[in-house]
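This is what each chain is made of:
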Amino acid sequence: RILTRDSPLALMRVPIQCLRKRSNCIVTSKYNIITFLPVNLFEQFQEVANTYFLFLLILQLIPQISSLSWFTTIVPLVLVLSITAVKDATDDYFRHKSDNQVNNRQSQVLLNGILQNEKWMNVRVGDIIKLENNQFVAADLLLLSSTEPHGLCYIETAELDGETNMKVRQSLSVTSELGDPDKLAQFDGEVVCEPPNNKLDRFSGTLYWRDCKYPLSNQNMLLRGCVLRNTESCYGLVIFAGPDTKLMQNSGCTKFKRTSIDRLMNTLVLWIFGFLVCMGVILAIGNAVWERKAGSLFQNFLPWDPSVNNFLFSAFLSFWSYVIILNTVVPISLYVSVEVIRLGHSYFINWDRKMYCSHSNTAAEVRTTTLNEELGQVEYIFSDKTGTLTQNIMSFNKCSINGHAYGTCTMQKNKDFSSWNPLADGGLCFYDGSLLEAVKTGDLVAHEFFRLLSLCHTVMSEEKTEGALVYKAQSPDEGALVTAARNFGFVFCSRTPGTVTVHELGRPVTYTLLAILDFNNIRKRMSVIVRNPEGRIRLYCKGADTVLFDRLHPCNHELMNITTNHLNEYASDGLRTLALAYRDLTEDEWEEWAELYRGAGRTVDFREDRLAAAYEEIEQDMMLLGATAIEDKLQEGVPETIAILSLANIKIWVLTGDKQETAVNIGYSCKMLTDDMTEIFIINGHTVQGVREEDAMKEEETQGLGKACSLGNGFSEKPKNPTSPTSLLESISGEFALVISGHSLAHALEADMEYEFVETVSVCKAVICCRVTPLQKALVIELIKRHKKAVTLAIGDGANDVSMIKTAHIGVGISGQEGIQAVLASDYSFAQFRFLQRLLLVHGRWSYLRMCRFLCYFFYKNFAFTMVHFWFGFFCGFSAQTVYDQYFITLYNIVYTSLPVLAMGIFDQDVPEQRSLEYPKLYEPGQLNLLFNKREFFICITQGIYTSVVLFFVPYSVLSHATQSNGIALADYQTFAVTTATALVIVVSVQIALDTGYWTAINHFFVWGSLGSYFTILFVLHSDILFSLFPQQFNFLGSAQNTLKQPVVWLTIALATVICIAPVLAFRFLKVELKPQLSDTVHTLLFHQKKRKPGVSLGRLGRSGSHRSGYAFAHQEGFGELITSGKNMRLSSLALATFASRHSASWIDTLRKKKHGNIQNTPSTPPAPNFNCDC
Amino acid sequence: MMASSYSAKEEDGHHPGASGAGGAAANGRKPDNTAFKQQRLPAWQPILTAGTVLPAFFAIGLIFIPIGIGLYVTSNNIKEFEIDYTGTDTSSPCFSCYQNFSWNSTLPCKCSLPFSLDQPFESNVFMYYGLSNFYQNHRRYVKSRDDSHLNGNLYSLTHPSKECEPYAHRDNVPVAPCGAIANSMFNDTMELFFVHPNETRSQIPLKRKGIAWWTDKHVKFRNPGGNGDNLTAAFQGTTYPVNWHKPVYELDADPENNGFINEDFIVWMRTAALPTFRKLYRIIEKKSSMTPTLPSGNYTLEVTYNYPVHSFDGRKRMILSTISWMGGKNPFLGIAYITVGSVCFFLGVVLLLIHHKYGNRSSSPDIAS
């Protein structure tokens, strides 16, 4: 068997021998044991900061330059490198683990005619593997055969594209006969196909087998990530494996995510670097001047080095010496401290019990620990729908039968239907005693209502064991409806292509299925025409109320009004509604129409239109039965979360592969869309690339967008469209929402439309994109990232969300549902959408706050520390003499001041978590990046420089003339060093004490501990013992004792501290007093009146009686045909042979043609129809 | 100085379901309900309110002003006399010494400066020499020493550290003490004479010990081979620095004050932080409680002018000063304290006014928005 592939352009065959090696192994890890050290070091030295420190280290080895001992740089550098390396190693270890887990899944591979269990990673291109029901597809497979008739099999692609309805795949008829391993083993076909790509819905290739060519399409493919459903087993030939699979191709390359703070930090470090060079230059010039003016004269006492024979060279050396001394303004410990803080925050998220889902027993998990503070700056959330907002469970929630609303009373949990109906399904949550009563007492309308539900659908049933019916619904909605009917005594039992058998209140009734008037997007309804055993012919129709109500018999008027009210009620609850109606047909009417129908079915041209016209003909003058309301069950707390998040000024977009109606409905039910919104734009123009005449349509679409723009902007010169909502004021103040479909989105994302699109969406409060492909999801995010410079967060649960999760600044995966692809690609994962509010408003906000406070303080303390050298330069002949002891310089950043600021960075809180959920506005400073930006940075370094001035000049003024109380002069270098260092440590400690808003025991411990450690280490370093061991290294002997017993020194330190701190205190007080931030106010408020209740109502749950179409069937057309053709029936269950006569043409061909036609010809629905027609 | 409220965060401290979910917790995935992990550690949350900041400012003011006054008064009570004997001025008696200095001259140049004290110096008087424009804090200067050598290490004595270059060896003989600091040791000698009204002079005894740090004298500096008598032998095989006129073991006759432990030497070796500095030279001890140490009157300072400062425009001074608990005369500290105290007090008043005028706004915030 040889498998080849080619590029579509050059039909060149590549022998498979080289491809054969392609294994299904997936590698996401970066290192292995051998490569770890070099690769990791290489990566680390790509960090500018690390290279810079390495450079400094080399500089320090030159004796003429070395102004510090070598260990002052190497100790922190080694520390930093090793901490980062440990972290990288741990990360990679977990990646190895997850890779292993995926790669070691078992699959059955046909080897030498025998099925053998193999690990996924050992599956190779060209292998034939066997899949069983509910198994994940291991690689991209060509379906060869399946246990189902005609080589059909069903797959669920939720992992890939998020669509939850089942899809049908069929093998080529020639291969479908290869049912057993022996035959398959002899299969020696050759496949030529396109190169690996990321298009999920396209595949083209050719199978050469037994001298025949068979075209292959996506219809024959099982893609990795799909799950086999309702099919016992099937065989497939591996076409693409591992990284070539469409799933992996779609996941995009892993980008290293950096937070905006990271980027800002890098910029600032560059600035500081520039600043450092400036200082170096100033001091070098000073050195040149000094050496020339004073140094040359001073040579009797201090001759120049022999190698340094002129002042210019001396200045050059002094520049480098100062670069070494002043390097502490570019803090090496910055990056590692930031990492440590982020790690701490990550652990807090992992440990949060309020983000733990007891149901699925999963705690929140931080998978990328470097993004936490960005969680506090999110402006856009892009959410998947299925599985993220919704549970993907449809439940029959309410119904209105003949003007009576049922199910409105509070839900009684799971009443037992089985007492009177042994076939009832225990899983249904709906119960209404009065309805049950009505059915029992023989209310005919109720009977008819449920009869309709049990007849009008395309569900297949299967009786696994006696009495245990299992429905295979290809849309969960239908499943819910049929199950509801089942529980109320109308049990759909089985179907054949021509009959439907229903147990009506325990009595089996078989209806003859005359026709299925299938669903499609335009019709928004489906009907069946059945003949009951008595011979009466009846049409049952269910569909969107908007379409159905137009086709009702006039006598239904009154009932229609009542039902409409009910429907409005349901719709405003976000339920998916359907109206149900029937029509009695006489034998003549039926015959007449059947003729028309057959005629339409036979035509080749415009078959579609002719059929639609025929359907239209019969679906008239119907009698209304009632309406159903299905709840697309939202996850717990979704509306509240969305309400809070939008109060926090976060824009929420829903990107879903689902249908527009479904998406809009969910938009309503989770309160993203509300009826008090001014305008909801719907854009769903269809255009097909490559077709010229589509230009006009694009124009139209552009217009639609343009209109939207002019509405949205409000500021555009004049409303071009007279129908646009009136005054400018209104359009500004109004809230807008946008619903856009994938096709339109494709155009909106083109370069020329992009800007307009962004303009439009930026005024919209909510945006829903439906029918979007995974890649489009990523593109949308890319667009927003590019144009809005805003922090984006993507949340999703399926493999189809992977690309968006990877593209967004922050990717969140919902875990606990099926599949782990999204979680694996995500930065954060948890089990419930509602945890998002906690992640952002509590953890994100705190992280941001802490990080900002940390950075401010960090830059401050380093400037305060380092700039003293600069001032000292003017008094020591610019000779790069340090002010402090070399040990102090080494330890300052890593011991004396690191822990308190780390503690602040990890534990600080401004307001309690409860408050940040109560006042979502508290989130805003993060979005506006108020707490740490270039301005704040300048304030910090100004404060730092001010402190350094004080710290140098106060001791300078005091000590220059001071003497000890025993007469010995105080102004010696060592005393000065100790005094300044002590003052510095005390000032920065007082400053951290001021900055810390939340003093836990740990903070106390660290702050006091740092001070204590400073003094301890000081006394140890200045002790006799160390001196006697290493007199060269510890020559500060006795300085601490001598200096710190002088009252003058302490007076100096106190003075410097007050001068440093008092202005800060005054400034902060004034800021709180005159321009209080919300957090200050909340804080103060809490302080003053702890019991005051917050005045925030969460979620504006306004409801009004707007009328929306609720026909939100996650339905696929073509199933009607599939049923009537009988293709999907098991032969054993095909009691009647009628199927053979009708529709003998391959249904699948028609289906394909239809689909093709859809794309090619379906004219776009006009742009921006107003969905919001009030009535 | 700030308001405090110790409050364990009250909200939802207890999870009623905790016991019920024990089964789930058993498999370890449910996070522990500890105050630390749930970020509910009891904490003190200080906030800047008028009630805390304003008193702080007033308190600083009220503490600093009296301290400042005390310091100022103390400083003012200290007697200090300073005389510049560099001799830059042609009228100065030391002018000729200043001008005609040569490193090779063997004859010491002497000059005497008359001065008078208006007020008597009552307690112990400390005599300093001061140098200006002398960069003892220059990096190359500071490091040009070998502490192990000065600590009496015999190996270091004959193998001075590289840091001492170019003053480590002279004609291939190791220099003791080595390095630029030692080489440039201040070697003027000063004598003080009281001129009686009857023009007779009596020399004032100057104590030359007790002018160095105890740790320096007893730990840091040590003669090679212990502080025995035979210093000459101990320094065998070394030579004295190029600028010196005599070897290190001839600095003083007193064996307790000779060699590396000579206090003048130790004082010099403790480098100054700033280019203008003073170093303790001698102590004039108070003899009896009846008479002042230095009564008011005329004095003569006899200087043996050895130390050249002409080349780098340096200045030399002699300072006489008494001492209080806070050391020598230091008006800056007192003034600084008074100023800072007053500014804080004033700031307090200003903030109080601002608080009164605008402060009420913060109690009715527009949170509901």
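Residues numbered from 1 in each chain as written. Chains lettered and ligands numbered in written order. Predicted model: local features only at pLDDT ≥ 70, side-chain atom pairs only at ≥ 80, totals over all residues. Heavy atoms only, no water.

Looking at an unreviewed UniProt entry, chain B carries the name Cell cycle control protein, with the source organism given as Denticeps clupeoides. The annotation that UniProt attaches to chain B under Sequence similarities (unreviewed entry) is "Belongs to the CDC50/LEM3 family." (UniProt positions renumbered as here; feature names shortened; annotations may be inferred.)

Taking an unreviewed UniProt entry as the reference, chain A is identified by name as Phospholipid-transporting ATPase belonging to Denticeps clupeoides. Database annotation for chain A, UniProt heading Catalytic activity (unreviewed entry): "ATP + H2O + phospholipidSide 1 = ADP + phosphate + phospholipidSide 2." Turning to chain A, the UniProt record has this under Cofactor (unreviewed entry): "Mg(2+)".

Q: What am I meant to see in the side chain of H843 of chain A here?
A: Its location among the elements puts H843 of chain A in helix α28 (residues 835–873). With relative accessibility at 4%, the residue H843 of chain A sits in the buried group. Once you skip the residues sitting within four places of it in the chain, H843 of chain A turns out to touch F348, I349, D352, M355 and R838 of chain A together with Q39 of chain B. (Helix = DSSP H or I, 4+ residues; strand = E, 2+ residues; numbered from the N terminus. Buried < 20%, exposed > 50% of the residue type's maximum accessible area, 1.4 Å probe, protein only. Contact = heavy atoms within 4.5 Å.)

Q: Teacher, can you tell me more about the domain arrangement of chain B here?
A: Often, the extent of an interface is quoted as the loss of accessible area on bringing the components together. Once the domains are mapped, chain B shows domain 1 (57–78 + 332–356) and domain 2 (80–322). Its C-alpha centre places domain 1 of chain B at a distance of 40 Å from the equivalent point of domain 2 of chain B. (Domains from an automatic or database assignment.)

Q: Before we go on, may I ask you to explain the UniProt feature "transmembrane region" (unreviewed entry) in chain B in this structure?
A: Residues and elements named next belong to chain B. In this numbering, the UniProt entry assigns the feature "transmembrane region" (unreviewed entry) to residues 47–73 and 332–354. Here residues 47–73 is 89% helix and 0% strand, with 38 Å between the C-alpha atoms at its ends. Within the segment residues 332–354, helix and strand shares are 100% and 0% respectively, and the terminal C-alpha atoms sit 32 Å apart.

Q: Would you mind going over the confidence of the model for chain A with me for this structure?
A: Atomic detail in the predicted coordinates should be set aside for any region of low pLDDT. Residues and elements named next belong to chain A. Scored by pLDDT, chain A comes out at a mean of 78, with 81% of its residues at no less than 70. Note on residues 687–733: pLDDT under 50 across the span, and 53 contacts to partners over four residues away in sequence or across chains. Below pLDDT 50 for its whole length, residues 1130–1175 participates in 61 contacts with residues either more than four positions away or in separate chains. (pLDDT = per-residue confidence, 0-100.)

Q: Looking at this model, I keep getting lost on unusual backbone geometry. Mind explaining?
A: Most peptide bonds are trans, and most residues other than glycine sit at a negative phi. Here E165 of chain B and P166 of chain B are connected by a cis peptide whose omega angle stands at 0 degrees. Relative to the assigned elements, P166 of chain B resides in the loop between α6 (154–158) and β6 (169–170). One non-glycine residue, N929 of chain A, lies in the positive phi region at around 55 degrees. Considering the arrangement of structural elements, one finds N929 of chain A in the loop between α32 (924–927) and α33 (934–959). For N929 of chain A, a relative accessible area of 22% gives the class partly exposed.

Q: When you look at the UniProt feature "binding site: Mg(2+)" (unreviewed entry) in chain A in this model, what are you seeing that I'm missing?
A: All names here are of chain A. In this numbering, the UniProt entry assigns the feature "binding site: Mg(2+)" (unreviewed entry) to D384, T386, D797 and D801. On the basis of their most widely separated C-alpha atoms, the annotated residues across 418 residues gather in one place, lying no more than 10.5 Å apart. Positionally, D384 belongs in the loop between β14 (378–383) and β15 (390–401). With a relative accessible area of 2%, D384 lands in the buried category. Non-local contacts of D384, meaning those with residues more than four positions away in its chain, are made with L389, L655, T656, K777, I795, G796, D797, N800, D801 and M804. A distance of 3.4 Å separates a polar atom in the side chain of D384 from a polar atom in the side chain of T388. Within the fold, D797 resides in the loop between β30 (791–796) and α26 (802–807). (Polar contact = N/O pair within 3.5 Å; in protein donor to acceptor, adjacent residues only side chain to side chain.)

Q: Would you mind going over the state of the cysteines with me for this structure?
A: Chemically, a disulfide is nothing more than a covalent bond linking the sulfur atoms of two cysteines. Residue and element names in this part refer to chain B. For the structure on display, the rule yields 3 disulfides over all chains. With a sulfur-sulfur separation of 1.7 Å, C97 is cross-linked through a disulfide to C109. On the sign convention where negative is left-handed, the bridge of C97 and C109, at about -80 degrees about the S-S bond, is left-handed. With a gap of 12 residues between them, C97 in helix α3 (residues 95–99) and C109 in strand β4 (residues 109–117) connect regions that are remote in the sequence. On the basis of relative accessible area, C97 is assigned to the buried category, the value being 3%. A disulfide bridge connects C164 with C178, and the sulfur atoms are separated by 2.0 Å. (Disulfide = S-S within 2.5 Å.)

Q: Just to check I follow, could you spell out the packing of α28 of chain A against helix α34 (residues 973–995) of chain A for this structure?
A: Helix-helix packing is described using two parameters, namely the angle between the two axes and the distance between the axes. Residue and element names in this part refer to chain A. Taken N-terminus to C-terminus, the directions of α28 and α34 make an angle of 165 degrees; their axes are 11 Å apart at the nearest point. The orientation of α28 relative to α34 falls into the category roughly antiparallel. The handedness of the crossing between α28 and α34 is right-handed. Across from R853, Y857, Y860, K861, A864, F865 and V868 in α28, the residues of α34 making contact are T980, L984, V987, V988, S989, Q991, I992 and D995. When the residues that make up the contact of α28 with α34 are grouped by side-chain class, the tally is 9 nonpolar, 3 polar and 3 charged. (Axes fitted to C-alpha atoms, helices over the stretch in contact; angles between N-to-C directions. Parallel < 35°, antiparallel > 145°, perpendicular 65-115°, else oblique. Left-handed = near helix turned anticlockwise from the far one by under 90°. Nonpolar A, V, L, I, M, F, W, Y, C, P; charged D, E, K, R; others polar.)

Q: Hey, could you run me through the UniProt feature "domain: P-type ATPase N-terminal" (unreviewed entry) in chain A in this one?
A: Here the UniProt-annotated "domain: P-type ATPase N-terminal" (unreviewed entry) positions come out as residues 23–74 of chain A. In this annotation, residues 23–74 of chain A is assigned 56% helix and 0% strand; the end-to-end C-alpha distance for the span is 45 Å.

Q: Even after reading the chapter, I still don't get the interface of chain B and chain A, so can you show me in this structure?
A: The interface of chain B with chain A comprises 110 residues on the first partner and 110 residues on the second. A buried area of about 9600 Å², summed over both sides, lies between chain B and chain A, and 64% of it is on carbon and sulfur atoms. In this assembly, chain B and chain A are joined by 2 salt bridges. Two residues, D972 of chain A and R270 of chain B, come together in a salt bridge whose shortest N-O distance is 2.8 Å. Here chain B and chain A share 29 residue pairs in polar contact (both at pLDDT 80 or more) between them. With 11 residues, the single largest contributor to the side of chain B that touches chain A is helix α11 (residues 331–358) of chain B. Considered class by class, the residues forming the side of chain B that touches chain A number 61 nonpolar, 29 polar and 20 charged. (Buried area = accessible area lost by both parts, 1.4 Å probe. Salt bridge = Lys/Arg side-chain N within 4 Å of Asp/Glu carboxyl O.)

Q: Is there a simple way to think about the sheet that holds strand β24 (residues 576–585) of chain A in this case?
A: Either a parallel or an antiparallel arrangement is found when strands of a sheet pair, and the pairing is made through backbone hydrogen bonds. Residue and element names in this part refer to chain A. What the 9 strands build is an open sheet, ordered β16-β15-β25-β24-β23-β22-β21-β20-β19; its pairing is antiparallel. Taken across any chain shown, the strands that pair with only one partner, and hence form the sheet edges, are β16 (404–406) and β19 (490–496). The average angle at which neighbouring strand axes cross in this sheet is 30 degrees, direction not considered. Its contacts with the sheet put helix α16 (residues 557–572) on β15, β16, β24 and β25 (623–634), and the angle it makes with β25 is roughly 5 degrees. (Pairing = 2+ DSSP bridges.)

Q: How do you make sense of the packing of aromatic side chains when you look at a structure like this?
A: Here a ring pair, both rings aromatic, is described through the centre-centre distance and the interplanar angle of the planes. Evaluated as defined, the whole model comprises 90 aromatic pairs over all chains. Ring centres of F907 of chain A and F36 of chain B lie 5.7 Å apart, and the angle between their planes is 55 degrees; this geometry places the pair in the tilted category. Here F36 of chain B lies in the loop between α1 (22–26) and β2 (43–44) and F907 of chain A lies in helix α30 (residues 898–907), a pairing that spans two chains. Residue F907 of chain A is classed as buried on the basis of its relative accessible area of 9%. For the pair F1005 of chain A and F1006 of chain A, a centre-to-centre distance of 5.8 Å together with 45 degrees between the ring planes defines the contact as tilted. Seen from the ring of F858 of chain A, K861 of chain A lies directly overhead, with NZ or CZ sitting 4.3 Å from the centre. (Phe/Tyr/Trp six-rings, centres within 6.5 Å; stacked < 30°, edge-to-face > 60°. Lys NZ or Arg CZ within 6 Å of the ring centre and 35° of its normal.)

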